[in-house]
Amino acid sequence: MNSIWIALTYIKGLGTKKIKNIYEAFPDLQLADFQNGKIEHIIKIVKNKTIAETLYDFDLIQDYAKKAIQSVKFHQENEISVITIGDAWYPDLLKKLEDPPIVLYCKGNIELLQSNKNIAIVGTRNPTNKGKQMAKRIAQIFSEKDFTIVSGLALGIDTEAHIGTLDANGKTIAVLAGGLDTIYPKENLSLAEKIIEKDGLLISEKPIQSKMYSAAFVQRDRIQSGLSIAVCPIQTDIKGGTQNTIGFAKKQNRLLFCPVPMEDVPQTMGIKQLLEEGIIELRTTKDIPIILNHIAEKMNELTNGLSELPIENEPISKQLDLFN
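These numbers come from a predicted model, not from an experiment.

1. Considering the overall build of the chain
Then, in step 1: When its secondary structure is counted, the chain shows 13 helices and 9 strands.
Then, in step 2: For a compact globule of 324 residues, the expected C-alpha radius of gyration is about 20 Å, and the chain comes in at 20 Å, within 12% of that figure.
Then, in step 3: In the chain, buried positions account for 55% of the 324 residues.
Then, in step 4: A fraction of 71% describes how many contacts in the chain between residues 6 or more apart in sequence connect residues 24 or more apart.
Then, in step 5: If you sum the accessible surface of the chain, you get close to 14,700 Å²; carbon and sulfur atoms cover 48% of it.
Then, in step 6: Across the chain, the centroid of the 38 positively charged side chains sits 3 Å from that of the 40 negatively charged ones.

Have a look at this one:
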């Protein structure tokens, strides 16, 4: 694990986009490179006088590198793995973002980071009972097809998606907005523990002992979609946090599909709007093979034909209306 990428996150004003640009130019960057000819190329990438002055200060960069090593050790002592953008464990799909998290703090089964076969199931914190049933059932169906279910551990749809996956003995990744030492919401502490027990994974781009702030939830949402080949919003109003994930999915060129609402309530207004835009609809389990084919096409598009799928269209058990 190359701690120099963590060190760069300590530089004020040097955001994830610029650090990714540095990574793309110098994927094998080392501390010593800040004393040789590469530093001039890095400065050209950064294009910021104040940040350049920091990068030229080798003693300071060296201090940041030492701080990064200490941080890795501290997290490891707390049973948290630290994965940087330069590591082999770093997810390929996430690396495609223009602003990927430079560091991932992980607790649980980090092997899940190696799979591109992920679907994010997201939605409102205040779902109807029918919405909860949808989240669980869809999570179960795709878990049975060996997909990893990604969600945000929030109350509501996220919770039901994680539970549905675990009930099906599937694998799930929970993306947290804050550090892994503070499970939010606290009502889902036992669920977080169960995810780890069931060979799932908790991840965050925030180190432990970080302060929580509202923008972190939006930043979290880009990771949910970024990790996934497809995003399935279950219920959402026209406005709300789920719309952030939907927006990121569109920007990141992820597949979007959603269940056809069975209720005329505020929680379904955002879904109806998506369907009007032509988003792929999921009405019964007979639609699953169609969605799987769309997922395979999207995977091949994003991985230059190196899809790990292919999708097998074997009969789905319980060819029934999904939610009755």
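2. A look at the packing of helix α4 (residues 49–56) against helix α5 (residues 58–77)
Packed helices, taken two at a time, are described by the angle their axes make and the gap between the axes.
Then, in step 1: Remark: α4 packs on α5, axes separated minimally by 5 Å, with the N-to-C direction vectors making an angle of 80°. With respect to their mutual orientation, α4 and α5 come out roughly perpendicular. Of the residues in α5, those in contact with T54, L55 and Y56 of α4 are F58, L60, I61 and Y64.
Then, in step 2: Per-class residue counts for the contact of α4 with α5 are 6 nonpolar, 1 polar and no charged.

3. A short note on the layout of surface pockets
Then, in step 1: Size it by volume and the largest pocket reaches roughly 630 Å³.
Then, in step 2: Lining the largest pocket are 25 residues, with T9, E205, K206, P207 and S210 sitting closest to its centre.
Then, in step 3: At the level of elements, α2 (16–25), α5, β2 (103–108) and α10 (215–226) are the ones that each hand at least two residues to the lining of the largest pocket.
Then, in step 4: Ranked by the residues each element gives to the lining of the largest pocket, the list is headed by α5, at 5 residues.
Then, in step 5: Counted by class, the lining of the largest pocket contains 11 nonpolar, 9 polar and 5 charged residues.

4. Concerning empty space enclosed by the protein
Then, in step 1: Scanning the entire structure with this criterion turns up 2 cavities of 30 Å³ or more.
Then, in step 2: Volume-wise, the largest cavity comes out at about 40 Å³.
Then, in step 3: Around the largest cavity sit G152, V175, L176, A177, G178, T182, Y184, M212, F217 and R220, which together line it.
Then, in step 4: In this model, the second largest cavity occupies a volume close to 30 Å³.
Then, in step 5: Around the second largest cavity, the lining residues are M134, I234, Q235, P259, P261, M262, E263, T268 and I271.
Then, in step 6: Split into classes, the residues belonging to the lining of the second largest cavity amount to 6 nonpolar, 2 polar and 1 charged.

So, how was this worked out
- Residues numbered from 1 in each chain as written.
- Predicted model: local features only at pLDDT ≥ 70, side-chain atom pairs only at ≥ 80, totals over all residues.
- Heavy atoms only, no water.
- Helix = DSSP H or I, 4+ residues; strand = E, 2+ residues; numbered from the N terminus.
- Rg over C-alpha atoms; globule rule 2.2 N^0.38 Å.
- Buried < 20%, exposed > 50% of the residue type's maximum accessible area, 1.4 Å probe, protein only.
- Contact = heavy atoms within 4.5 Å.
- Areas by Shrake-Rupley, 256 points an atom, 1.4 Å probe, with all protein chains shown as cover.
- Lys, Arg positive; Asp, Glu negative; His and termini not counted.
- Charge placed at Lys NZ, Arg CZ, Asp CG, Glu CD.
- Axes fitted to C-alpha atoms, helices over the stretch in contact; angles between N-to-C directions.
- Parallel < 35°, antiparallel > 145°, perpendicular 65-115°, else oblique.
- Nonpolar A, V, L, I, M, F, W, Y, C, P; charged D, E, K, R; others polar.
- 1 Å grid on protein atoms, 1.4 Å probe; cavity = no way out; pocket = protein on both sides within 12 Å on 5 of 7 lines; lining within 4 Å.
- Points joined across faces, edges and corners; volume = space filled by probe spheres on them.

Everything listed here is a matter of geometry and, on its own, says nothing about what the molecule does.
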